Amino acid sequence: MLRNLFITLTWCFFTTCLAQDKNSKLQPDAIEVYYGIGNENTFLFNDTDYLYKTQYLKVSFQYVLSDKKNRLSLGIQPQIHFLKHQLLNPFFVRESEINFEQDRISFNKLKQMHLYGLEVELNIRRTIFSKFDVSAFLAIGPALIDTRTERLAKGFTFIETIGFGIDYRLSNRICLSVRPAFSHISNARIQLPNSGYNVLNLETGISWKL
């Protein structure tokens, strides 16, 4: 149900934007599509308590706020993440917790999970050479995760991302991007558990200027 809702809302927003007149405020200035991979086991984190990997698809509807020396834009970004998670340290689940023995067995199995998110991104971009730009971005938004683990409750959560990018312009309308980024996923203690996930991502994408 969550997957169908996510796909429906994304498709409706996408088709609405494309159907707008060029002078409409609803039509974005550019549409970007990204594929990314992420892993908790990196030089930054490498938490031995758990395994967490992700592959994700993201569509970004970019609205230019300022286009002077530095271009400032706002992005609306529906996305879907395909996750793998496994508890590696069973003693992370404490004996004081209810049904701790069952949870240790359950969480110790490799899980296939999904996360559906909608981030709002603030992006600043600057041209450094004739065809190359560099950018920095910060994004945050609500998300839904479909499986409970020892680190995060099932249901509503938040995803926060910070990173930078290198863009290469193939033409005046088409651009290729590579963007390393750091993401944190947690629910602000709306539910427990809420240890969350820290992930280092690498995403590649293509953008079309409308």
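Each remark here, short or long, concerns the structure printed above.
Summarised in this report is the structure supplied together with it. From a predicted model like this one, the values you see are computed outputs, not experimental measurements.

Rules behind the numbers
The residue numbers shown here count from 1 along each chain, following its written sequence. Thresholds applied to this predicted model are a pLDDT of at least 70 for local features of residues and 80 or more for the giving and counting of side-chain atom pairs; totals over whole chains, interfaces and linings are not thresholded and use all residues. Heavy atoms throughout the structure, all of them, feed into the side-chain values; hydrogens and water do not. The numbering of helices and of strands both runs from the N terminus, where a helix is a DSSP run of H or I of at least 4 residues and a strand a run of E of at least 2. By definition in these notes, contact holds between two residues if any of their heavy atoms fall within 4.5 Å. Cavities and pockets were defined on a 1 Å grid built over protein atoms only: a cavity is a set of grid points that admits a 1.4 Å probe from which the probe cannot escape, a pocket is an open set flanked by protein on both sides within 12 Å along at least five of seven lines, and lining residues are those with an atom within 4 Å of any such point. Grid points are joined across faces, edges and corners, and a volume is the space filled by probe spheres set on the points. Residues are grouped as follows: Ala, Val, Leu, Ile, Met, Phe, Trp, Tyr, Cys and Pro are nonpolar; Asp, Glu, Lys and Arg are charged; every other residue, Gly included, is polar. In these notes, a set of buried Ala, Val, Leu, Ile, Met, Phe, Trp, Tyr and Cys residues joined through side-chain atoms within 4.5 Å is what counts as a nonpolar core. Partly exposed residues are those whose accessible area sits between 20% and 50% of the maximum for their type, while under 20% is buried and over 50% is exposed, using a 1.4 Å probe and protein chains only. When DSSP locates at least two bridges between a pair of strands, those strands are taken to pair. Helix axes are fitted only over the stretch in contact, all axes being lines through C-alpha atoms; the angle between N-to-C directions runs from 0 to 180 degrees.

1. Topic: the environment of phenylalanine 137
Then, in step 1: Mapped onto the secondary structure, phenylalanine 137 falls in strand 5 (residues 132–145).
Then, in step 2: For phenylalanine 137, the contacting residues outside a window of four places in its chain are Glu121, Leu122, Asn123, Thr161, Ile162, Gly163, Phe164, Gly165, Arg179, Pro180 and Ala181.

2. Quick notes on the layout of surface pockets
Then, in step 1: Put simply, the largest pocket is a space of about 470 Å³.
Then, in step 2: Lining the largest pocket are 25 residues, and of these Arg71, Arg125, Asp133, Arg169 and Lys209 sit closest to its centre.
Then, in step 3: Of all the secondary structure elements, the ones that give two or more residues to the lining of the largest pocket are strand 1 (30–39), strand 2 (50–67), strand 3 (70–87), strand 4 (111–127), strand 6 (155–169), strand 7 (174–186) and strand 8 (197–209).
Then, in step 4: Looking at the lining of the largest pocket, its residues break down into 6 nonpolar, 6 polar and 13 charged.

3. Quick notes on the nonpolar core
Then, in step 1: Core analysis: the largest hydrophobic core is formed by 12 residues, namely Tyr50, Tyr52, Leu83, Met113, Leu115, Ala143, Ile145, Leu152, Ile159, Ile185, Tyr197 and Val199.
Then, in step 2: Sorting the residues of this core by element identifies strand 2, strand 4, strand 5 and strand 8 as the ones contributing at least two each.
Then, in step 3: Once residues lying within four places of it in the same chain are set aside, the contact partners of valine 199 are Gly38, Asn39, Glu40, Phe45, Tyr52, Thr54, Ala181, Phe182 and Ser183.

4. So, the sheet that holds strand 5
Then, in step 1: The strand order 1-2-3-4-5-6-7-8 describes a closed barrel built from 8 strands, whose pairing is antiparallel. Within the sheet, the average angular offset between the axes of one strand and its neighbour, ignoring direction, is 25 degrees.
Then, in step 2: Two strands pair when backbone bridges link them, and strand 1 and strand 2 are joined in this way by 10 bridges, in the antiparallel orientation. Paired with tyrosine 34 across the bridge in strand 2 is lysine 58.

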